[in-house]
There are 2 protein chains.
Amino acid sequence: MATIMRKMNMISRCESIYRTQQLDGVDLQGVHHSFILAICNNPGKSQEWLAQHICLNKSNITRHLSHLEQNGYIQRKSDDHDKRILLVYPTAKMLEILPEARKIVERWNGYIAQDFSAEELKLFHSMLDRMEMRAKELVYREEESL
Amino acid sequence: MATIMRKMNMISRCESIYRTQQLDGVDLQGVHHSFILAICNNPGKSQEWLAQHICLNKSNITRHLSHLEQNGYIQRKSDDHDKRILLVYPTAKMLEILPEARKIVERWNGYIAQDFSAEELKLFHSMLDRMEMRAKELVYREEESL
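Residues numbered from 1 in each chain as written. Chains lettered and ligands numbered in written order. Predicted model: local features only at pLDDT ≥ 70, side-chain atom pairs only at ≥ 80, totals over all residues. Heavy atoms only, no water.

1. Section: the pairing of strand E3 (residues 86-90) of chain B
Then comes step 1: One ladder, built from two bridges, connects strand E1 (residues 45-46) of chain B with E3(B); its direction is antiparallel. Within E3(B), the position partnered with Ser46(B) by the bridge is Leu87(B). (Pairing = 2+ DSSP bridges. Helix = DSSP H or I, 4+ residues; strand = E, 2+ residues; numbered from the N terminus.)

Okay, structure coming up:
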């Protein structure tokens, strides 16, 4: 039998392909949806904050933010109090696709759980919460010890 | 409350960071673990087969396979019967890290579900199976209609 993570990764990657299909004609990939939602909902946060919020390592965050900046979706500005900290803001171009990005996420979440009862859904959420807590705990403990 | 996918993506990305941390010193990222397992367990499969098995779109598969080839982890050969089809084989360098990659996957899967009872785990698996089936169905239906 496939492992828990194999199954979760497959669902997650299917979602990523779906996001890319649905935002057709836009030069963004599935993973960038997470950036759109995170940056538009939290304008002016630092790259470090985004790395933790989206849960990607520094080199991946930097790569994706560069792509978004080069394509006119974000602007980066130094923090007034500490020039080493880069703050990330959405541009009008990113804000324009936000409503569609939200709808795609909503459609996908509704679709994959469509045949779940309210009770099953509640149970599934609570199981995911427990796993997410353990996952974060281990990763951030390891990061601190590096 | 965070959506199902937000939670699953967080767990999936934590796993990816963990894989990268654990395979320290190797020029591979978390997602490459899926390639190591898929290619070593199924040597000589086509790129198209890998795309479907790992569930990534063509441009991502091509980018990751190029990285793996450039770093000496895989060899690609044309199919004898159809030169347009590229078959993927692991090199000794990839086979060497396979045992460690397997152990990392096993440790992570064991860790995140450690406080689940056997019954809870069975239920969680069956819920994931239902979602995975729906996810694949939608993505491949959309792909055919493009």
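2. What to know about the packing of helix H2 (residues 32-41) of chain A against helix H4 (residues 58-70) of chain A
Residue and element names in this part refer to chain A.
Then comes step 1: Here H2 crosses H4 at 80°, and the two axes come no closer than 11 Å. When the axis of H2 is compared with that of H4, the two are roughly perpendicular. Residue-level contacts link His-32, Phe-35 and Ile-39 of H2 to Ile-61, His-64, Leu-65, His-67 and Leu-68 of H4.
Then comes step 2: Residue composition of the contact of H2 with H4, by class: five nonpolar, three polar and no charged. (Axes fitted to C-alpha atoms, helices over the stretch in contact; angles between N-to-C directions. Parallel < 35°, antiparallel > 145°, perpendicular 65-115°, else oblique. Contact = heavy atoms within 4.5 Å. Nonpolar A, V, L, I, M, F, W, Y, C, P; charged D, E, K, R; others polar.)

3. What to know about the side chain of Thr91(B)
Residue and element names in this part refer to chain B.
Then comes step 1: Among the secondary structure elements, Thr-91 is positioned in the loop between E3 and helix H5 (92-112).
Then comes step 2: Note on Thr-91: relative accessible area 15%, which makes it buried.
Then comes step 3: In this structure the side chain of Thr-91 is engaged in a polar contact, spanning 2.7 Å, whose partner is the backbone oxygen of Gly-72.
Then comes step 4: Among all residues touching Thr-91, those that are not within four sequence positions of it are Gly-72, Tyr-73, Ile-74 and Gln-75. (Buried < 20%, exposed > 50% of the residue type's maximum accessible area, 1.4 Å probe, protein only. Polar contact = N/O pair within 3.5 Å; in protein donor to acceptor, adjacent residues only side chain to side chain.)

4. Quick word on helix H2 (residues 32-41) of chain B
Then comes step 1: Within H2(B), nine of the 10 residues are buried, which leaves it mostly tucked inside the rest of the structure.
Then comes step 2: Here H2(B) has its buried residues at His32(B), His33(B), Ser34(B), Phe35(B), Ile36(B), Leu37(B), Ala38(B), Ile39(B) and Cys40(B).

5. A short note on the relation of the copies chain A and chain B
Then comes step 1: Expressed as a screw transformation, the operator carrying chain A onto chain B has a rotation angle of 180° and an axial translation of 0.0 Å, and the superposed copies differ by an RMSD of 0.0 Å. Taken together, the rotation angle and the small translation identify this as a two-fold axis. Within chain A, the C-alpha atom positioned nearest to the axis of rotation is that of Met8(A), 3.2 Å from it.
Then comes step 2: Mapped onto chain B, 100% of the interface residues of chain A are again interface residues, and the two copies thus contact each other with one and the same surface. (Least-squares fit on C-alpha atoms with pLDDT ≥ 70 in both.)

6. A short note on the pattern of salt bridges
Then comes step 1: One pass over the structure, following the stated rule, counts 14 salt bridges over all chains.
Then comes step 2: A salt bridge links Arg130(A) to Asp115(B), with the nearest nitrogen and oxygen atoms 3.7 Å apart. Pair noted here: Arg130(A) is in helix H6 (residues 118-145) and Asp115(B) is in the loop between H5 and helix H6 (118-145), and the two residues belong to different chains.
Then comes step 3: In this structure, Glu15(B) and Arg19(B) form a salt bridge, with 3.2 Å as the shortest nitrogen-oxygen distance. Taken together, the residues span about one helical turn, with Glu15(B) and Arg19(B) both in helix H1 (residues 4-22) at a distance of four residues. Residues Glu15(B) and Arg19(B) agree in their burial class; the two are buried.
Then comes step 4: Within the structure, one salt-bridge network assembled from shared partners comprises Asp115(A), Glu120(A) and Arg130(B). (Salt bridge = Lys/Arg side-chain N within 4 Å of Asp/Glu carboxyl O.)

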